[in-house]
Amino acid sequence: IDDTLPLGEDFFPGYPYPVLGNIATFKPQESDLLLLAIGDPAARLKLGRELSKRGCRFFSFIHPTAIVDKGASIHSNVEIGPYAIIGPNVKIDSGTKVGSHTVIEGHTSIGKDNVISHFSSLGGVPQDMKYGGEPTKLIIGDRNTIREFTTVHTGTVQDKCVTRIGDDNWIM
């Protein structure tokens, strides 16, 4: 699907793949599985939502050097970059992009359409001397941008055992 290329056999001589149409007219088939190759997160999110409404399904893109525990729950259209590590009790919902060298561990739940930049560390045990191994969580909402080298830990028992980040935040 491409809005920038003219349709037809002769738009690029020797190009081995057909242009299926433009975004406005594309009608997915049941067997279609798409990969959105759009660098701008806002544009990718907008198009992904539009195509999802039409029944499109998307590839999960997990870089071959990433380590994803088999106990993690990763939505099918999540992108996970090189050398990222995803632990066993992690849940990542649709449209989220995890940057390279990011570590997500602990009981961590990440909502839809987040952008987590490289070298972030999410869901580690609390940095609190009173922490005694209690079960704690990190819950991240939707459409957040978590920039590079950001660290967010799970909650503490002195509060409600949860660190909660809502929706539409920019965290540095």
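These numbers were taken from a predicted model, which means no experiment stands behind them.

1. A few points about the sheet that holds strand β6 (residues 90-92)
Pairing within the open sheet is parallel, and its five strands lie in the order β3-β6-β9-β12-β15. Either end of the sheet is taken by a strand with one partner, and the two such strands are β3 (73-74) and β15 (162-165). Of the pairings in the sheet, the one linking strand β12 (residues 137-140) to β15 comprises four bridges and is parallel in character. Bridge assignment links Ile-140 to a residue of β15, and that residue is Ile-165.

2. Things to note about the packing of aromatic side chains
Within this structure, the stated rule accounts for one aromatic pair. Residues Phe-119 and Phe-149 carry aromatic rings whose centres are separated by 5.1 Å and whose planes lie at 5° to one another, so their mutual orientation is stacked. Highlighted residues: Phe-119 in the loop between β10 (115-116) and β11 (121-124) and Phe-149 in the loop between β13 (145-146) and β14 (151-153), separated in sequence by 30 residues. Since its relative accessible area comes to 38%, Phe-119 is described here as partly exposed.

3. Looking at the pairing of β11
Bridging between strand β8 (residues 103-104) and β11 involves two bridges; their strand directions are parallel. Residue pairing for β11: Val-103 is matched across the bridge by Ser-121.

4. Focus: the sheet that holds strand β5 (residues 85-86)
Hydrogen bonding along the main chain pairs the strands of a sheet, whether they run parallel or antiparallel. Spatially, the five strands line up as an open sheet ordered β2-β5-β8-β11-β14, and their pairing is parallel. The open sheet is flanked by β2 (67-68) and β14, the only strands paired with a single partner. With three bridges connecting them, β11 and β14 associate as parallel partners. Looking at β14, one finds that Ser-121 is bridged to Thr-151.

Procedures and definitions
Numbering of residues starts from 1 in each chain and follows the order in which that chain's sequence is written. Given that this is a predicted model, residues contribute local features only at a pLDDT of at least 70 and side-chain atom pairs are listed and counted only at 80 or more, while totals for whole chains, interfaces and linings are drawn from all residues. Computation of side-chain values: all heavy atoms of the structure, hydrogens and water removed. By definition, two strands form a pair when at least two bridges between them are found by DSSP. In this description a helix means any DSSP run of H or I spanning at least four residues, a strand means any run of E spanning at least two, and both kinds are numbered starting from the N terminus. The rule is short: rings of Phe, Tyr and Trp, with Trp giving its six-membered ring, pair when the centres are within 6.5 Å, and they are stacked under 30 degrees, edge-to-face over 60, tilted in between. Here's how the labels work: a residue is buried when its accessible area is under 20% of the maximum for its type, exposed when over 50%, partly exposed in between, all with a 1.4 Å probe on protein chains only.

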